[in-house]
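Chain residues, written in single-letter form:
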Amino acid sequence: MEIGGKVQGLKKSLIQALEDLYELEIPQDMLWTQELVTRLSRLSGAMNREIAVYFDRKGRITSINVGDHATVSLDAVEGKRNATRLSGVRLIHTHPGGSGHLSEVDISSLKLLRLDMVAAVGIREGSPAEIYVGIPSSHKAEVVDVLGPFPPEKSNFKDLLEQISEADIFLRNQLEPSGDQREKAVLVGVRTPETRTVGGISEADISMEELSELADTAGAAVVAKVMQTRERRDSAYLVGKGKIAELRLLVQAEGADLVIFDEELSPSQQRNIEEMLGVKVIDRTGLILDIFAQRARSREGKLQVELAQLEYMLPRLTGQGTALSRLGGGIGTRGPGETKLETDRRHIQRRISYLKDQLIEIKKQRGIQRAERLRNRVPTVSLVGYTNAGKSSLLNALCDAEVYAEDKLFATLDTTNRRLDLGETEILLTDTVGFIRRLPHNLLDAFKSTLEETVYSDALIIVADASDPLAEDHIRIVDGILEELGASGKPTIIAYNKIDKIPDRNFARRTDRVCVEVSARTHEGLDNLKECLKNLLGRMVRRYRLRIPFNKGGNVISWLYSNGKVLGTDYDESAAIMDVELDKDAAGRVLEFIEEVGNPS
């Protein structure tokens, strides 16, 4: 039988002494023997490392693991967990140079692995001192009764064995597992000297709070957060190997299922960290992709999400075994549900090429629809902004629509168009996917066909959550992403939404752009927003009377029908007289024919 854990550097004689422990048997009416405790204590003291011994209800030792002076790996029965019964495995382990009191790791491992019991032996000068025992409660789920101290020479275990039996019966009588059944996540962030501050708060802390919201949106329960301050990011482990070792203890203590890093991990970093932690590891990009995969509804949205996932996963295939052979199976691996991924790179690359071709076709269809709108001169205004600022709710309020809206991050992934009547004119209002801090580039690339609606819009409404103290920073981030998309410089209105949440209306504004205070919930300020839109679009489009000589008219007249709104046409002996509506750029191309300029429409 092998010895698991940290055996590097141990003398052969010590390893042999550990292997000899397998020959011991524990009577079925006992939980330890004085001989086992004495030999364990002597070896543990000599190594200055913890030793864990697992044994079954028949008293046979099934596994022996070695740790260091701080902890030992308590995962030998990971595959034997059952939510409705105890595993039948018992654990006795040492605490060299310390007390026998159970640690948080001991108690969480007892619950997580459904052990019958955990016993900890305090060791002083190589000899066993007191022993404490943890047993699942027989009256309340997820509670552990800690008993002791007991002497090493204890021989009567009747009460402890009865409590184990009662706990097992209690657990089996549970109709269903109690408590929160969501995946448990530990969040990890990094703060360096280069990290900027926003309103006196480190952006790393702000980003960590966003990560917590993202995890909740994805369906995870956040059980702990870790912020590591470093001079620079570690190339192999991001936060350093020592911090990952500490993180392993925290993961074990909290019974976490996954660790989410608030940074983009390189494939090698992700592999290194997973090997040390022994649980699933994803980064901010992987988490956002998972949310997108859950929320994509349209065919286009699903294609875009799958493309982004495959491009993200492709460099991460090496060393992942069969875990990535298909999309599905928890946060960070969820897919649109239609594609089984082969690990063969060529297969994935073929799939990526196919998806890109499909999205090009959709882009062409959008181009045809956009050209039709241009011919009819229907102005288009896009709602853009930080995720969960209330863009979909504002679209519903303005257009009396029923677009899906939810108080969650990335509730909208698919572009939605609705007509909005402004009285003298009608416009097309477009809802778009929300932006977020450090939005992954591969997501921007994948969603370009959707975000092109923003690029080709006549004007933009940047929606900001007025009740959020970081609203101005969110606007800054939105401006940066718009510039990256090539959509900056467009006529813009900033709509401060959710003003019903701030009765004093006292919030900072640092912009010279047109600003409107609105509430999608109470409809306050919507008329003002519509009026601002009319004025903004009115300054963009004017009425012109053009006189176009017949000898120059053919191409010009057809161009006007394609690029403007023709209101009327008349003729005299030598020319066509046309009344048209044109924007500033279009008017500049027919300056020589303009006879009269009217007021903005």
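Note that the structure is predicted; figures quoted are calculated from it, not measured.

## Describing the overall build of the chain
Point 1. When its secondary structure is counted, the chain shows 17 helices and 23 strands.
Point 2. A total of 601 residues make up the chain; the buried ones form 52% of that total.
Point 3. In the chain, once contacts between residues fewer than 6 apart in sequence are set aside, the share between residues at least 24 apart is 66%.
Point 4. Accessible surface, the chain as shown: approximately 28,200 Å² in total, 46% of it carbon and sulfur.

## So, helix α8 (residues 284–295)
Point 1. Compared with an ideal rise of 1.5 Å per residue, which puts 12 residues at 16 Å, α8 spans 17 Å between its outermost C-alpha atoms and is within 8% of the ideal.
Point 2. Buried residues dominate α8, accounting for 11 of its 12 residues.

## Side note on the state of the cysteines
Point 1. Under the definition given, this model contains 0 disulfides.
Point 2. Looking at the unpaired Cys 532, the closest cysteine sulfur is the one in Cys 515, lying at 9.4 Å.

## As for the pairing of strand β14 (residues 380–385)
Point 1. Burial within β14 is extensive, with 6 of its 6 residues counted as buried.
Point 2. Neither face of β14 is left uncovered, since the one carrying Thr 380, Ser 382 and Val 384 and the one carrying Val 381, Leu 383 and Gly 385 both have all their residues buried.
Point 3. Pairing of β14 with strand β16 (residues 426–431), which is carried by 4 bridges, proceeds in the parallel orientation. Of the residues in β16, the one forming a bridge with Ser 382 is Thr 430.
Point 4. Sheet topology note: the β14/strand β17 (residues 459–465) ladder contains 5 bridges and is parallel. Within β17, the position partnered with Leu 383 by the bridge is Ile 461.

## Structural notes on the sheet that holds strand β4 (residues 89–96)
Point 1. With mixed pairing, the 7 strands of this open sheet are ordered in space as β1-β3-β2-β4-β5-β6-β7. Looking at the sheet topology across the chains shown, the edges are occupied by β1 (3–5) and β7 (144–150). Strand-to-strand twist in this sheet, taken as the mean axis angle between neighbours without regard to direction, amounts to 25 degrees.
Point 2. As paired elements, strand β2 (residues 51–56) and β4 share 5 bridges and run antiparallel to each other. Looking across to β4, one finds that Val 53 is bridged to Ile 92.
Point 3. Helix α2 (residues 34–47) rests against β2, β3 (61–66), β4, β5 (117–124) and β6 (127–136) of the sheet, and its axis sits at about 45 degrees to β4.
Point 4. Of the strands in this sheet, β4, β5, β6 and β7 are in contact with helix α4 (residues 158–172), which crosses β6 at around 30 degrees.

## A few points about the side chain of Asp 116
Point 1. Examined against the element boundaries, Asp 116 turns out to sit in the loop between α3 (104–112) and β5.
Point 2. Side-chain polar atoms of Asp 116 contact the side chain of Arg 57, separated by 2.7 Å.
Point 3. At a separation of 3.1 Å, a polar atom in the side chain of Asp 116 contacts the side chain of Arg 90.
Point 4. Sequence-distant contacts of Asp 116, that is, excluding residues within four places in its chain, are made with Arg 57, Leu 86, Ser 87, Gly 88, Val 89, Arg 90, Leu 110, Gly 134, Ile 135, Pro 136 and Ile 164.

## Overview of unusual backbone geometry
Point 1. Note that the residue after Gly 148, namely Pro 149, is joined by a cis bond; omega there is 5 degrees.
Point 2. In this model, Leu 238 sits at a positive phi of 65 degrees, which is unusual for a non-glycine residue.
Point 3. Relative to the helices and strands, Leu 238 is located in the loop between β11 (220–229) and α6 (241–254).
Point 4. Leu 238 sits in the buried class, given a relative accessible area of 3%.
Point 5. A positive phi angle, close to 70 degrees, is found at His 523, a residue other than glycine.
Point 6. Within the fold, His 523 resides in the loop between β19 (514–517) and α15 (526–540).

## Structural notes on the packing of aromatic side chains
Point 1. The tally for this structure, following the rule as stated, stands at 3 aromatic pairs.
Point 2. Counting every residue linked through ring pairs, the aromatic cluster contains Trp 32, Phe 150 and Phe 157.
Point 3. Its guanidinium or amino end placed over the ring of Phe 157, Lys 154 lies 5.5 Å from that ring's centre, counting from NZ or CZ.

## Quick word on the pattern of salt bridges
For side chains of opposite charge, pairing can occur when their charged atoms come near one another.
Point 1. Scanning the entire structure with this criterion turns up 32 salt bridges.
Point 2. We note a salt bridge from Arg 57 to Asp 168, for which the minimum N-O separation is 3.4 Å. Of this pair, Arg 57 sits in the loop between β2 and β3 while Asp 168 sits in helix α4, placing them 111 residues apart in sequence.
Point 3. Residue Asp 168 is classed as buried on the basis of its relative accessible area of 7%.
Point 4. Between Asp 473 and Arg 196 there is a salt bridge, with its nearest N and O atoms 3.5 Å apart. Taken together, the residues span a long stretch of sequence, with Asp 473 in helix α14 (residues 471–485) and Arg 196 in the loop between β8 (183–191) and β9 (197–198) at a distance of 277 residues.
Point 5. Since its relative accessible area comes to 35%, Arg 196 is described here as partly exposed.
Point 6. What emerges from the salt-bridge pattern is a single network uniting Arg 196, Glu 203, Glu 210, Asp 262, Arg 284, Arg 437, Asp 473 and Arg 476.

## Points about the packing of helix α5 (residues 203–218) against α8
Point 1. Where α5 contacts α8, the two axes come as close as 10 Å, and the packing angle between them is 35 degrees. The two elements α5 and α8 meet at a crossing, and its hand is left-handed. Only Arg 284, Leu 287, Ile 288, Asp 290, Ile 291, Gln 294 and Arg 295 of α8 make contact with α5, whose side of the interface consists of Ser 207, Glu 210, Leu 211, Leu 214, Ala 215, Thr 217 and Ala 218.
Point 2. Of the residues contributing to the contact of α5 with α8, the split by class is 7 nonpolar, 3 polar and 4 charged.

## Things to note about the confidence of the model for the chain
Point 1. Mean pLDDT for the chain: 82, with 84% of residues reaching 70 or above.
Point 2. Between the elements of the chain, mean pLDDT differs from a low of 67, seen in helix α13 (residues 448–455), to a high of 94, seen in strand β12 (residues 258–261).
Point 3. When the criterion is pLDDT under 50, residues 319–328 qualifies, and its contacts beyond four places in sequence or with other chains add up to 25 contacts.
Point 4. Long-range and interchain partners of residues 336–343, a stretch whose pLDDT sits below 50, account for 24 contacts in this model, where long-range means more than four residues apart.

## Observations concerning the nonpolar core
Point 1. Ile 260, Leu 287, Phe 435 and Leu 482 are the most contacted members of the largest nonpolar core, which has 41 residues in total.
Point 2. Those elements that provide at least two residues to this core are β8, α5, β12, α8, β17, α14 and β18 (492–497).
Point 3. In terms of residues, this core owes the most to one element, α14, which gives 6 residues.
Point 4. Residues from two domains meet in this core; each of domain 2 (183–293) and domain 4 (378–524) gives at least three.
Point 5. Ranked by size, the runner-up nonpolar core spans 37 residues in total, among them Met 30, Val 37, Ile 61 and Ile 92.

## Here we look at the environment of Leu 394
Point 1. Take Leu 394: it is sitting in helix α11 (residues 391–399).
Point 2. Expressed as a C-alpha distance, the spacing of Leu 394 and His 523, which sit 129 residues apart in the sequence, is 8.6 Å.
Point 3. Leu 394 has contacts with Leu 383, Val 463, Ala 495, Val 518, Ala 520, Leu 526 and Leu 529, leaving out every residue within four places of it along the chain.

Reading the values: the criteria
Residues numbered from 1 in each chain as written. Predicted model: local features only at pLDDT ≥ 70, side-chain atom pairs only at ≥ 80, totals over all residues. Heavy atoms only, no water. Helix = DSSP H or I, 4+ residues; strand = E, 2+ residues; numbered from the N terminus. Buried < 20%, exposed > 50% of the residue type's maximum accessible area, 1.4 Å probe, protein only. Contact = heavy atoms within 4.5 Å. Areas by Shrake-Rupley, 256 points an atom, 1.4 Å probe, with all protein chains shown as cover. Expected span 1.5 Å × (residues − 1). Disulfide = S-S within 2.5 Å. Pairing = 2+ DSSP bridges. Axes fitted to C-alpha atoms, helices over the stretch in contact; angles between N-to-C directions. Polar contact = N/O pair within 3.5 Å; in protein donor to acceptor, adjacent residues only side chain to side chain. Phe/Tyr/Trp six-rings, centres within 6.5 Å; stacked < 30°, edge-to-face > 60°. Lys NZ or Arg CZ within 6 Å of the ring centre and 35° of its normal. Salt bridge = Lys/Arg side-chain N within 4 Å of Asp/Glu carboxyl O. Left-handed = near helix turned anticlockwise from the far one by under 90°. Nonpolar A, V, L, I, M, F, W, Y, C, P; charged D, E, K, R; others polar. pLDDT = per-residue confidence, 0-100. Core = buried A, V, L, I, M, F, W, Y, C linked by side-chain atoms within 4.5 Å. Domains from an automatic or database assignment.

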